[in-house]
Amino acid sequence: MAFLFGFTIDKIYLYPYGGISKFNLEMNVDLKKELVVLFMGPIFQILGYCFIMHFSFFSSYHEMIQTIHYSILFFNFLPIYPLDGGKLINILFGYKLNFRRSFRCAIFLSYITVFLLFLYYIKTSLSLNVVFMLSFLIYKITIENRNENTYYNKFLLERHLNSCHFKRYKKIHSIDDFYRNCSHIIQVGDRFLTEKECLAKKFNTKY
């Protein structure tokens, strides 16, 4: 599905909880396309699980395969960035909030979810594997959080270089208020700037 939409797959990382695909794609891509690509991973996992369960060869391992399948599926949809659940939250927030706020909400929710998981496992069975998993997730969330400005500047630079256009328009008051799926009119005092004028001023280029 990523190839069909013209996304370039940069790397595929394999972790203890599953895999993460890194796409070298524009940050101003249609949110609906991102949603479709995001859901295709879990959908193909479900299809693969149903396919395997029809083979008698795996009959002795059905319970184990079922446990692994549902564990990975549930875990992957936890609202933790950069898991699919965290990406889904970021995309959904992106329909109502600007880029920075949607990203920060996804990061905040990720930290809260990891904290709640930690409390849950303390009361049930906190093993070394669980500590490793939660620590690794906190590390990944923190790295993503530190990259916020880098992501946002890349997001703006793409708009400046590619002249992105969207059907929806938003009136905003700061260059920090850009939305992912909108074009913008920027109000500065009594003046109104086009998106192109504002971005040209930010990147010190001639409009």
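Please refer to the structure placed before this passage.
Report follows, based on the coordinates. Everything quoted here is computed from the prediction, not taken from an experiment.

### With respect to the sheet that holds strand β3 (residues 169-172)
Within a sheet, each strand pairs with its neighbour through backbone hydrogen bonds, oriented either parallel or antiparallel. Spatial strand order, β3-β4-β5: 3 strands in an open sheet with mixed pairing. In the strand order of this sheet, the two ends are held by β3 and β5 (191-194), each with one partner. Here the average twist between neighbouring strands, direction ignored, is 25°. As judged from the 4 bridges shared by β3 and strand β4 (residues 183-188), these two strands associate in the parallel manner. Counted as the bridge partner of Lys171 is Ile185 from β4. Packing of helix α7 (residues 195-202) onto the sheet brings it into contact with β4 and β5, and relative to β5 it is tilted by some 85°.

### Digging into the packing of helix α4 (residues 99-123) against helix α6 (residues 148-162)
Between α4 and α6, whose axes approach to 11 Å, the crossing angle comes to 150°. Viewed along their axes, α4 and α6 adopt a mutual orientation that is roughly antiparallel. Considering the relative orientation of α4 and α6, their crossing is right-handed. Of the residues in α6, those touching α4 at Phe99, Arg100, Phe103 and Arg104 are Glu148, Asn149, Tyr151, Tyr152 and Phe155. Classifying every residue of the contact of α4 with α6 by side-chain character gives 5 nonpolar, 1 polar and 3 charged.

### Things to note about the pairing of β4
When β4 meets β5, the two strands line up antiparallel, connected through 4 bridges. Along β5, the bridge assignment pairs Ile186 with Leu193. The hairpin turn running from β4 into β5, its antiparallel successor, is 2 residues long, and Gly189 in that turn takes a positive phi close to 65°.

### Some points on the nonpolar core
In terms of nonpolar packing, the biggest core is built from 14 residues, with Tyr152, Phe155, Leu156, Ile175, Phe178 and Ile186 touching the most fellow members. The set of elements that each furnish at least two residues to this core consists of α6 and α7. At 3 residues, the largest contribution of residues to this core is made by α6. Beyond its immediate sequence surroundings of up to four residues, Phe178 is in contact with Asn98, Phe99, Tyr152, Phe155, Leu156, Arg159, Ile172, His184, Ile186, Glu195 and Leu199.

### Considerations on α7
Of all the residues in α7, the buried ones are Glu195, Cys198, Leu199 and Ala200. Here the buried face of α7 lies against α6, β4 and β5. Directly beyond the C-terminal end of α7, a positive phi value near 55° is found at Asn204.

### Re the side chain of Ser102
Position of Ser102 among the secondary structure elements: in helix α4. A polar contact is formed between the side chain of Ser102 and the backbone oxygen of Phe99, at a distance of 3.0 Å. Setting aside anything within four residues of it in sequence, one finds Ser102 in contact with Asn90, Phe93, Gly94 and Leu97.

### With respect to the environment of Ile185
On the secondary structure map, Ile185 appears in strand β4. Separated by 58 residues in the primary sequence, Ile185 and Ser127 place their C-alpha atoms 53 Å from one another. Among residues more than four places away in sequence, those in contact with Ile185 are Lys170, Lys171, Ile172, Phe192 and Leu193.

What counts and how
- Residues numbered from 1 in each chain as written.
- Predicted model: local features only at pLDDT ≥ 70, side-chain atom pairs only at ≥ 80, totals over all residues.
- Heavy atoms only, no water.
- Pairing = 2+ DSSP bridges.
- Helix = DSSP H or I, 4+ residues; strand = E, 2+ residues; numbered from the N terminus.
- Axes fitted to C-alpha atoms, helices over the stretch in contact; angles between N-to-C directions.
- Contact = heavy atoms within 4.5 Å.
- Parallel < 35°, antiparallel > 145°, perpendicular 65-115°, else oblique.
- Left-handed = near helix turned anticlockwise from the far one by under 90°.
- Nonpolar A, V, L, I, M, F, W, Y, C, P; charged D, E, K, R; others polar.
- Core = buried A, V, L, I, M, F, W, Y, C linked by side-chain atoms within 4.5 Å.
- Buried < 20%, exposed > 50% of the residue type's maximum accessible area, 1.4 Å probe, protein only.
- Polar contact = N/O pair within 3.5 Å; in protein donor to acceptor, adjacent residues only side chain to side chain.

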